[in-house]
Amino acid sequence: MRHRAAAGRVLLLTLVLLLLAPAQARAAGYRYWSFWDRTGDGWAYATEGPSTARPSDGDVQGFRFAVSEDSSDADRPRGAASFGAICARTPAKSGLKRVALVIDFGTPADAPSGETPPATRLACARVSPDATTAEALASVAKPLRYDTNALLCAIAGYPRTGCGEQISSGGATAPKKPGTDEGTEKATGEEDDGGPALGLIAGGAVVAALAAAAVVQARRRGNG
């Protein structure tokens, strides 16, 4: 009976640790500027970055500053996103194209410590036909800030510091970035740095070791 009770406790401990390991290994996400394309009545996460994307005349594109785990849960730009409304006061001009931009600086909850996000900005960039989104953005929202890997860090000077840092579940930051290319802007897990996976493997190893030790101890007690 004592052996069966000990084995039951081992099984319970194993299940608890297996449930807790993923939650402990998982980070909350990254704080960064995500890049979006307006498609119909909604936003789609851009498939290439602003430094390589070349929008057409009449396109609407957006940027959103927030903390997100990956592209599937990234916060979309807020506010009106109609080309007609955003570019109503910017008349067409021969030899140039117009690109409507929605720049959402996010919420206070996602802001770095000591900073307050500005209000969402709507801008109509009138640029050369071959201009990239980055060039269109620079024409209406300077200063822009990039890191050494060309990751877009700040728009219109916001935020003042930081660039794609990882935010732990406790709110602390770690020096990891969602990607090395400003275009893809991988929002956490897509840059396979092994973090969550290694955490799960390590957690499993600990569980196995603890379970084995408990079984041995229970058998010794049963034989004693």
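All of these numbers come straight from a predicted model, not from anything done at the bench.

## Details of the state of the cysteines
With the rule as written, the count across this model stands at 2 disulfides. Bridging C87 to C124, the disulfide has an S-S length of 2.1 Å. Between C87 and C124, the disulfide has an S-S torsion of 100 degrees and is therefore right-handed. Of this pair, C87 sits in the loop between α2 (83-86) and β4 (97-104) while C124 is found in strand β5 (residues 121-127), placing the two residues 37 residues apart along the sequence. Assessed through its relative accessible area of 3%, C87 is described here as buried. Its relative accessible area of 13% is what places C124 among the buried residues. Taken in sequence order, the bonded cysteines of the protein link in the pattern 1-2, 3-4.

## Some words on the pattern of salt bridges
For the structure on display, the rule yields 5 salt bridges. Residues E165 and R31 are paired through a salt bridge, measuring 3.0 Å at the closest nitrogen-oxygen approach. Note that E165 is positioned in the loop between β7 (152-154) and β8 (166-167) and R31 in strand β1 (residues 29-39), a separation of 134 residues in sequence. Each member of the pair, E165 as well as R31, is classed as buried. Residues D104 and R78 are paired through a salt bridge, measuring 2.7 Å at the closest nitrogen-oxygen approach. Taken together, the residues D104 in strand β4 and R78 in the loop between β3 (60-68) and α2 connect sequence positions 26 residues apart.

## Quick word on the confidence of the model for the protein
A residue-level look at the protein finds 62% of positions with pLDDT of 70 or above and a mean pLDDT of 76. Under a pLDDT of 50 for its full length, residues 10-26 has, in the predicted model, 15 contacts with residues more than four places off or in other chains. Here residues 175-211 scores under 50 on pLDDT; set against residues more than four positions off or in separate chains, the count is 76 contacts.

## Looking at the environment of T52
Assignment of secondary structure puts T52 in the loop between β2 (42-45) and β3. Along the primary structure T52 and E135 are separated by 83 residues, whereas in three dimensions their C-alpha atoms are 9.9 Å apart. Of the polar contacts made by the side chain of T52, one reaches the side chain of E48; its length is 3.0 Å.

## Focus on the side chain of T90
Mapped onto the fold, T90 is located in the loop between α2 and β4. The class of T90 is buried, set by a relative accessible area of 16%. Among all residues touching T90, those that are not within four sequence positions of it are R98, C124 and R126.

The rules we used
- Residues numbered from 1 in each chain as written.
- Predicted model: local features only at pLDDT ≥ 70, side-chain atom pairs only at ≥ 80, totals over all residues.
- Heavy atoms only, no water.
- Disulfide = S-S within 2.5 Å.
- Helix = DSSP H or I, 4+ residues; strand = E, 2+ residues; numbered from the N terminus.
- Buried < 20%, exposed > 50% of the residue type's maximum accessible area, 1.4 Å probe, protein only.
- Salt bridge = Lys/Arg side-chain N within 4 Å of Asp/Glu carboxyl O.
- pLDDT = per-residue confidence, 0-100.
- Contact = heavy atoms within 4.5 Å.
- Polar contact = N/O pair within 3.5 Å; in protein donor to acceptor, adjacent residues only side chain to side chain.

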